[in-house]
Amino acid sequence: MRKIMLVLSLFASFLFLISCSSLYVPATARLLPENIKKIYVKPFLNGIKLIAGSTNLASIGIEVIFTKIVEREIIRDGRLSLVNTEEEADIVLVAVIEGYILQPITYCKINAAIDKLSADQFKMLIKANVSLIDKSKGVILWNEPNMRDMHIYRDISKDSKFLKFNDGITESKARKTIFAKLSRRIIRQALK
């Protein structure tokens, strides 16, 4: 009798689990229309405004790096084919880098005999306006006007003392880290 009760309770539990699983209906995410198969990444623009005629040399050319990283992420994702011209594409991804802030947050002494300090840890913030445009309808499918990401890093390019601790990166590597994170977010949000 115990065995029968055990089998019946297991069977009832099994039926309960099956019925509960059929009640769950995931929310449907916005999907790109079926006709969209090809994407073109328009070369990103560098819209960083320079302050009072000063030049931010670090921001020169970052739009090219960001474009390449986004293209690699689209290829890795694999849902759409990346094409070389806007004419071949069903949708176009457009972005303007609007902000590049590099702020020192910690300092260290350069030389024990001199009281001169040098920045060794930085906070980098990059901001962009990103849009996905349907070419056939001429409408914006998705727009993120304030997409941003930040990375804190210890700069090893200025002082070799951090090389032995292996806890630092260069400014260029920090930029690529931010661009990689932004690229994943663009693909996740725009191409769902």
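Here, every reference points to the structure presented above.
One structure accompanies this document, and this report is about it. (Residues numbered from 1 in each chain as written. Predicted model: local features only at pLDDT ≥ 70, side-chain atom pairs only at ≥ 80, totals over all residues. Heavy atoms only, no water.)

## Examining the side chain of Asp149
Along the chain, Asp149 turns up in strand 6 (residues 139-154). Here the side chain of Asp149 touches Lys181 through a polar contact of 3.4 Å, side chain to side chain. If we ignore the near neighbours within four places in the chain, the residues touching Asp149 are Met124, Leu125, Ile126, Ile178, Lys181, Leu182 and Arg185. (Helix = DSSP H or I, 4+ residues; strand = E, 2+ residues; numbered from the N terminus. Polar contact = N/O pair within 3.5 Å; in protein donor to acceptor, adjacent residues only side chain to side chain. Contact = heavy atoms within 4.5 Å.)

## Details of a nonpolar patch on the surface
Nonpolar side chains collect at one region of the surface, where Ile105, Met150 and Ile152 lie side by side and expose about 240 Å² of accessible area between them. Residue position: Ile152 is located in strand 6. (Patch = residues over 30% accessible without salt bridge, like charges linked within 9 Å, V, L, I, M, F, W, Y side chains within 5 Å. Areas by Shrake-Rupley, 256 points an atom, 1.4 Å probe, with all protein chains shown as cover. Salt bridge = Lys/Arg side-chain N within 4 Å of Asp/Glu carboxyl O.)

## A word on the packing of aromatic side chains
According to the stated counting rule, one finds three aromatic pairs in the structure shown. Consider the rings of Phe66 and Phe179, whose centres lie 4.5 Å apart with planes at 10 degrees: the pair is stacked. Highlighted residues: Phe66 in helix 2 (residues 62-77) and Phe179 in helix 3 (residues 171-190), separated in sequence by 113 residues. Per residue, the accessibility class of Phe66 equals that of Phe179, and both read buried. Ring geometry for Phe122 and Tyr153: centres 5.8 Å apart, planes at 25 degrees, overall stacked. With a gap of 31 residues between them, Phe122 in strand 5 (residues 117-134) and Tyr153 in strand 6 connect regions that are remote in the sequence. (Phe/Tyr/Trp six-rings, centres within 6.5 Å; stacked < 30°, edge-to-face > 60°. Buried < 20%, exposed > 50% of the residue type's maximum accessible area, 1.4 Å probe, protein only.)

## Examining helix 3
In this model helix 3 runs 28 Å from its N-terminal to its C-terminal C-alpha over 20 residues, within 8% of the 28 Å that 1.5 Å per residue would give. Where helix 3 is concerned, the buried positions are Glu171, Ala174, Arg175, Ile178, Phe179, Leu182, Ser183, Ile186, Ile187 and Ala190. (Expected span 1.5 Å × (residues − 1).)

In short, shape yes, function no, at least from these values alone.
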